[in-house]
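Geometric and topological summary
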Amino acid sequence: MATKIRLARGGSKKRPYYRIVVADIRAPRDGRFIEKVGSYNPMLPKDSEDRVKLDVERIQYWLGTGAKPTDRVHRFLDAAGVLKRDARNNPKKAQLGRKAQERLDEKNAAEAEAAAAAAAAAEEAAAE
(Lines give C-alpha, C1' and ligand atoms only; values in the text may rest on other atoms or scores of the structure.)
Protein backbone atom coordinates (compact mmCIF):
# COMPACT_ATOMS: atom_id res chain seq x y z
CA MET A 1 0.00 0.00 0.00
CA ALA A 2 1.37 3.41 -0.96
CA THR A 3 1.35 5.82 1.99
CA LYS A 4 1.91 9.53 2.45
CA ILE A 5 2.72 11.65 5.45
CA ARG A 6 0.46 14.65 5.01
CA LEU A 7 -1.68 17.27 6.73
CA ALA A 8 -5.34 16.67 7.60
CA ARG A 9 -7.22 19.90 8.31
CA GLY A 10 -9.27 20.37 11.43
CA GLY A 11 -10.47 23.36 13.39
CA SER A 12 -13.27 25.74 12.55
CA LYS A 13 -13.63 28.27 9.77
CA LYS A 14 -10.76 30.82 9.77
CA ARG A 15 -9.09 28.92 12.67
CA PRO A 16 -7.08 26.12 11.02
CA TYR A 17 -5.51 23.27 12.91
CA TYR A 18 -3.77 20.38 11.18
CA ARG A 19 -2.96 16.83 12.20
CA ILE A 20 0.12 15.32 10.61
CA VAL A 21 -1.04 11.86 9.60
CA VAL A 22 0.11 8.79 7.72
CA ALA A 23 -2.58 7.88 5.20
CA ASP A 24 -3.16 5.76 2.14
CA ILE A 25 -2.69 7.99 -0.92
CA ARG A 26 -6.24 7.16 -2.07
CA ALA A 27 -7.88 8.31 1.19
CA PRO A 28 -9.50 11.76 1.33
CA ARG A 29 -7.53 14.65 2.81
CA ASP A 30 -9.53 14.89 6.04
CA GLY A 31 -10.78 11.32 5.98
CA ARG A 32 -9.42 7.94 6.91
CA PHE A 33 -5.82 7.74 8.06
CA ILE A 34 -3.57 5.04 9.46
CA GLU A 35 -1.81 6.90 12.27
CA LYS A 36 -1.49 10.41 13.69
CA VAL A 37 2.20 11.31 13.97
CA GLY A 38 2.05 15.01 14.87
CA SER A 39 0.18 18.29 14.74
CA TYR A 40 0.59 21.77 13.29
CA ASN A 41 -1.12 24.90 14.60
CA PRO A 42 -0.48 27.82 12.21
CA MET A 43 -2.30 30.24 14.54
CA LEU A 44 0.58 30.14 17.04
CA PRO A 45 3.63 32.41 16.62
CA LYS A 46 6.47 31.02 14.52
CA ASP A 47 8.85 30.80 17.47
CA SER A 48 6.42 28.78 19.61
CA GLU A 49 7.39 25.19 20.50
CA ASP A 50 3.79 24.03 20.20
CA ARG A 51 3.37 25.23 16.60
CA VAL A 52 4.69 21.94 15.17
CA LYS A 53 4.73 18.75 17.21
CA LEU A 54 6.22 15.59 15.71
CA ASP A 55 6.51 11.97 16.88
CA VAL A 56 9.96 11.54 15.35
CA GLU A 57 10.30 7.81 16.09
CA ARG A 58 7.05 6.93 14.33
CA ILE A 59 7.84 9.24 11.41
CA GLN A 60 11.21 7.54 10.93
CA TYR A 61 9.48 4.16 11.04
CA TRP A 62 7.01 5.21 8.34
CA LEU A 63 9.75 6.75 6.21
CA GLY A 64 11.57 3.43 6.50
CA THR A 65 8.50 1.60 5.19
CA GLY A 66 8.34 3.87 2.14
CA ALA A 67 5.94 6.66 3.13
CA LYS A 68 6.48 9.86 1.15
CA PRO A 69 6.02 13.22 2.91
CA THR A 70 4.22 16.08 1.19
CA ASP A 71 6.18 19.26 0.55
CA ARG A 72 4.86 21.07 3.65
CA VAL A 73 5.54 18.07 5.92
CA HIS A 74 8.98 17.69 4.32
CA ARG A 75 9.70 21.29 5.39
CA PHE A 76 8.72 20.43 8.98
CA LEU A 77 10.92 17.34 8.94
CA ASP A 78 13.83 19.35 7.54
CA ALA A 79 13.44 21.92 10.34
CA ALA A 80 13.39 19.08 12.90
CA GLY A 81 16.51 17.52 11.37
CA VAL A 82 14.80 14.27 10.35
CA LEU A 83 15.09 14.67 6.56
CA LYS A 84 17.15 16.86 4.26
CA ARG A 85 15.09 18.92 1.84
CA ASP A 86 16.77 20.14 -1.32
CA ALA A 87 16.22 23.78 -2.21
CA ARG A 88 13.95 24.24 -5.18
CA ASN A 89 14.56 26.69 -7.98
CA ASN A 90 12.04 27.79 -10.58
CA PRO A 91 13.77 30.32 -12.83
CA LYS A 92 10.69 30.69 -15.04
CA LYS A 93 8.55 31.91 -12.15
CA ALA A 94 9.95 35.44 -12.36
CA GLN A 95 9.62 35.69 -16.13
CA LEU A 96 6.78 37.63 -17.69
CA GLY A 97 4.07 35.94 -19.70
CA ARG A 98 3.97 36.19 -23.48
CA LYS A 99 1.46 39.07 -23.66
CA ALA A 100 3.11 41.08 -20.90
CA GLN A 101 6.52 40.63 -22.58
CA GLU A 102 5.05 41.86 -25.90
CA ARG A 103 3.59 44.95 -24.19
CA LEU A 104 6.92 45.67 -22.50
CA ASP A 105 8.79 45.31 -25.80
CA GLU A 106 6.34 47.72 -27.50
CA LYS A 107 6.73 50.21 -24.65
CA ASN A 108 10.53 50.02 -24.82
CA ALA A 109 10.46 50.47 -28.61
CA ALA A 110 8.22 53.54 -28.27
CA GLU A 111 10.53 55.02 -25.61
CA ALA A 112 13.57 54.36 -27.82
CA GLU A 113 11.86 56.11 -30.77
CA ALA A 114 10.94 59.08 -28.57
CA ALA A 115 14.50 59.30 -27.25
CA ALA A 116 15.91 59.14 -30.80
CA ALA A 117 13.50 61.87 -31.93
CA ALA A 118 14.46 64.06 -28.96
CA ALA A 119 18.16 63.53 -29.69
CA ALA A 120 17.63 64.44 -33.34
CA ALA A 121 15.71 67.58 -32.36
CA ALA A 122 18.48 68.52 -29.93
CA GLU A 123 21.10 68.08 -32.67
CA GLU A 124 19.09 70.26 -35.08
CA ALA A 125 18.73 72.93 -32.40
CA ALA A 126 22.45 72.78 -31.69
CA ALA A 127 23.27 73.02 -35.40
CA GLU A 128 21.19 76.20 -35.78
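The paragraphs below set out a description of the structure included in this document. Everything quoted here is computed from the prediction, not taken from an experiment.

1. Here's the deal with the packing of aromatic side chains
Inspection of every chain in the model, using the stated rule, returns three aromatic pairs. With centroids separated by 4.7 Å and ring planes inclined at 50°, the aromatic side chains of Tyr40 and Phe76 adopt a geometry described as tilted. Separated by 36 residues along the polypeptide, Tyr40 in strand 3 (residues 35-40) and Phe76 in helix 2 (residues 71-80) bring together distant segments of the chain. Each member of the pair, Tyr40 as well as Phe76, is classed as buried. Ring centres of Tyr61 and Trp62 lie 5.3 Å apart, and the angle between their planes is 75°; on these two criteria the pair is classed as edge-to-face. Assessed through its relative accessible area of 43%, Tyr61 is described here as partly exposed. Clustering of aromatic rings is evident, with ring pairs tying together Tyr18, Tyr40 and Phe76.

2. Some words on the nonpolar core
Ranked by internal contacts, the top residues of the largest apolar core, which has 13 residues, are Ile5, Leu7, Ile20, Val37, Trp62 and Val73. Secondary-structure elements contributing two or more residues to this core are strand 1 (3-12), strand 2 (15-24), strand 3, helix 1 (56-64) and helix 2.

3. Quick look at the pairing of strand 2
Bridge analysis of strand 1 against strand 2 gives ten bridges, and the strand direction is antiparallel. Residue pairing across strands places Thr3 opposite Asp24, the latter belonging to strand 2. Between strand 1 and strand 2, which pair antiparallel one after the other, the connecting turn spans two residues, and Lys14 there sits at a positive phi close to 65°. Pairing between strand 2 and strand 3: five bridges, direction antiparallel. Each bridged residue has a counterpart across the sheet, and for Val21 the counterpart in strand 3 is Lys36.

4. Overview of the side chain of Arg6
One can find Arg6 in strand 1. Here Arg6 sits buried without a salt bridge, and the closest side chain of opposite charge, Asp24, lies 7.4 Å off (N-O distance). Among the polar contacts made by the side chain of Arg6, one reaches the main-chain carbonyl oxygen of Pro28 at a distance of 3.2 Å.

5. Description of the environment of Tyr18
Of note, Tyr18 is situated in strand 2. Between the C-alpha atom of Tyr18 and that of Gly38, which follows or precedes it by 20 residues, the distance is 8.7 Å. Not counting residues up to four positions away in its chain, the partners in contact with Tyr18 are Leu7, Ala8, Arg9, Ser39, Tyr40 and Pro42.

Analysis parameters
Residues numbered from 1 in each chain as written. Predicted model: local features only at pLDDT ≥ 70, side-chain atom pairs only at ≥ 80, totals over all residues. Heavy atoms only, no water. Phe/Tyr/Trp six-rings, centres within 6.5 Å; stacked < 30°, edge-to-face > 60°. Helix = DSSP H or I, 4+ residues; strand = E, 2+ residues; numbered from the N terminus. Buried < 20%, exposed > 50% of the residue type's maximum accessible area, 1.4 Å probe, protein only. Core = buried A, V, L, I, M, F, W, Y, C linked by side-chain atoms within 4.5 Å. Pairing = 2+ DSSP bridges. Lys, Arg positive; Asp, Glu negative; His and termini not counted. Salt bridge = Lys/Arg side-chain N within 4 Å of Asp/Glu carboxyl O. Polar contact = N/O pair within 3.5 Å; in protein donor to acceptor, adjacent residues only side chain to side chain. Contact = heavy atoms within 4.5 Å.

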